[in-house]
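Take a look at the letters that make up each chain.
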Amino acid sequence: MALTQYDWYILGVVGCLTLVSFISRSSYFLFGDHLPLPESVRSALRYAPVAALTAIIVPEIFPWSAHDAPSLDLNKLIAAAVAILVYLRTQSTVLLMIAGIAIYALGKVFF
C-alpha cells in the first residue's frame with residue numbers, strides 16, 4: 001500500500017509536532033540551571049495548571065456552538081459540583097475523580 005500525499009502530510013505534521021514538543025519540554029531540563037527563570041515568571045507559572053484545567057472543564061460543562069448560546073449539561077454540572085465538594089472535604093485527588101465519575105455515571109443511568 002503506497003502512501004498518498006495526504007498521508008505524508010499527516011506524518012509530517014505528527015513528526016513536526018513531536019519534535020517541537022520534545023524540544024520545548026526538554027529545553028528546560030537541559031538549560032534550566034544555566035538560564036534561571038525570573039521570580040515573576042516562576043510565580044506566573046504557578047497558575048498554569050489551574051488555567052489549563054479551567055480551559056478543559058468549563059467548555060465541557062457549558063458547551064456552546066457558534067450560533068447558539070451556551071447550554072447547560074445538568075448531569076456534568078452536578079458531577080463537577082460533587083467532585084469539588086469531595087475534594088474540599090478530603091483534599092484527595094483520587095476521591096475527587098472517583099466521586100465525579102460515579103455521580104456522572106449514576107446520573108447517566110437514572111436520568
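Residues numbered from 1 in each chain as written. Predicted model: local features only at pLDDT ≥ 70, side-chain atom pairs only at ≥ 80, totals over all residues. Heavy atoms only, no water.

## Section: the overall build of the protein chain
Phase 1: When helices and strands are tallied, the protein chain shows five helices and zero strands.
Phase 2: Counting from the amino terminus, helix and strand elements in the protein chain follow one another as α-α-α-α-α.
Phase 3: With respect to the principal axes defined by its C-alpha atoms, the protein chain has extents near 50 × 50 × 30 Å.
Phase 4: Every one of the 111 residues in the protein chain was classed for burial, and the buried ones make up 9%.
Phase 5: Here the protein chain has roughly 9600 Å² of accessible surface; of this, 73% comes from carbon and sulfur atoms. (Helix = DSSP H or I, 4+ residues; strand = E, 2+ residues; numbered from the N terminus. Buried < 20%, exposed > 50% of the residue type's maximum accessible area, 1.4 Å probe, protein only. Areas by Shrake-Rupley, 256 points an atom, 1.4 Å probe, with all protein chains shown as cover.)

## As for the side chain of K76
Phase 1: Residue position: K76 is located in helix 4 (residues 74-90).
Phase 2: Apart from the residues lying within four places of it in its own chain, the contact partners of K76 are E60, I61 and Y104. (Contact = heavy atoms within 4.5 Å.)

## Details of the layout of surface pockets
Phase 1: Approximately 720 Å³ is the volume attributed to the largest pocket.
Phase 2: The wall of the largest pocket is formed by 21 residues, among which I57, I61, A80, A83 and L96 lie closest to the centre.
Phase 3: With nine residues, the single largest contributor to the lining of the largest pocket is helix 3 (residues 48-61).
Phase 4: Class assignment of the residues belonging to the lining of the largest pocket gives a composition of 17 nonpolar, two polar and two charged. (1 Å grid on protein atoms, 1.4 Å probe; cavity = no way out; pocket = protein on both sides within 12 Å on 5 of 7 lines; lining within 4 Å. Points joined across faces, edges and corners; volume = space filled by probe spheres on them. Nonpolar A, V, L, I, M, F, W, Y, C, P; charged D, E, K, R; others polar.)

## Here we look at helix 4
Phase 1: The terminal C-alpha atoms of helix 4 lie 24 Å apart, and with 17 residues this matches the ideal 24 Å at 1.5 Å per residue to within 8%.
Phase 2: Of all the residues in helix 4, the buried ones are N75, K76, A79 and A83. Around the axis of helix 4, the buried residues are gathered within 95° of arc, so they sit on the same side. Away from its buried face by more than 90 degrees, helix 4 exposes L85, L88 and R89.
Phase 3: Those residues of helix 4 hidden inside the fold are in contact with helix 3 and helix 5 (93-110).
Phase 4: At the exit of helix 4 stands Q91, carrying a positive phi of roughly 60°. (Expected span 1.5 Å × (residues − 1). Arc of directions from axis to C-beta.)

## Quick look at the domain arrangement of the protein chain
Phase 1: Domain boundaries in the protein chain define domain 1 (1-36) and domain 2 (38-110).
Phase 2: On a C-alpha basis, the centroid separation for the pair domain 1 and domain 2 is 30 Å. (Domains from an automatic or database assignment.)

## Some words on the UniProt feature "transmembrane region" (unreviewed entry) in the protein chain
Phase 1: Under the UniProt annotation, "transmembrane region" (unreviewed entry) lies at residues 6-23, 44-65 and 77-106.
Phase 2: Helix makes up 100% of residues 6-23 and strand makes up 0%, while its end C-alpha atoms are separated by 26 Å. (UniProt positions renumbered as here; feature names shortened; annotations may be inferred.)

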